[in-house]
Amino acid sequence: QVQLVESGGGLVQAGGSLRLSCVASGSIFSINAMDWYRQIPGKQRVLVATITNGGQTNYADSVKGRFTISRDNAKNTGYLQMNSLKPEDTAVYYCNAVIQGRATLGDYWGQGTQVTVSS
């Protein structure tokens, strides 16, 4: 059973920083792309950043220059460093990853972590 668990969310003032972590556990052979999404109530989940197995990254325009996605393949962990946070970054942040297990390739989601930015 593969699981993704996020951590690192919280309450921060505008201009502050947070670092989110996403740890994958279980029967894992390899992790393909890892992504971070965010969602506010009543809205669709939106892709924030993505990183391939080879380390190529891509960002939503709204977070370019402020957020940095990274990963540690040895630890099966992904990160989202968020700097210069704005109130409009307030959302639940979700980790997503395509993971190759022993016999299956699956798309997995974490439970989400709340990020609240006060003005």
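Keep in mind it's a predicted model, so treat the numbers as computed, not measured.

Colleague: Account for the pairing of strand S1 (residues 3-7), with residues named and values stated.
Modeller: Here S1 shows one buried face, formed by Leu4 and Glu6, and one open face, formed by Gln3, Val5 and Ser7. Strand direction decides the pairing type here: S1 and strand S3 (residues 18-25), joined by five bridges, are antiparallel. If you follow Val5 over to S3, its bridge partner there is Val23.

Colleague: Requested: an account of the nonpolar core, with residues and values cited.
Modeller: Ranked by size, the top nonpolar core spans 27 residues in total, and within it Trp36, Phe67, Leu80, Met82 and Tyr93 carry the most contacts. Those elements that provide at least two residues to this core are S3, strand S4 (30-39), strand S5 (46-51), strand S7 (67-72), strand S8 (77-82), strand S9 (91-100) and strand S11 (113-118).

Colleague: Provide a residue-level description of unusual backbone geometry, including the pertinent values.
Modeller: Note: most residues except glycine have negative phi, and most peptide bonds are trans. In the Ramachandran plot, Asn76 falls in the positive-phi region, its phi being about 50° despite a non-glycine side chain. Checked against the element boundaries, Asn76 lands in the loop between S7 and S8. Given the relative accessible area of 24%, Asn76 is considered partly exposed. Although it is not a glycine, Ser84 adopts a positive phi angle of roughly 45°. Position of Ser84 relative to the elements: it lies in the loop between S8 and S9.

Colleague: Tell me about the packing of aromatic side chains, residues and numbers included.
Modeller: All chains considered together, the criterion is met by one aromatic pair. Positioned above the aromatic ring of Tyr94, the side-chain terminus of Arg45 is 3.6 Å from the ring centre. The ring of Trp109 has Arg45 lying over it, and the distance from NZ or CZ to the ring centre is 4.7 Å.

Cut-off values and rules
Residues numbered from 1 in each chain as written. Predicted model: local features only at pLDDT ≥ 70, side-chain atom pairs only at ≥ 80, totals over all residues. Heavy atoms only, no water. Buried < 20%, exposed > 50% of the residue type's maximum accessible area, 1.4 Å probe, protein only. Helix = DSSP H or I, 4+ residues; strand = E, 2+ residues; numbered from the N terminus. Pairing = 2+ DSSP bridges. Core = buried A, V, L, I, M, F, W, Y, C linked by side-chain atoms within 4.5 Å. Phe/Tyr/Trp six-rings, centres within 6.5 Å; stacked < 30°, edge-to-face > 60°. Lys NZ or Arg CZ within 6 Å of the ring centre and 35° of its normal.

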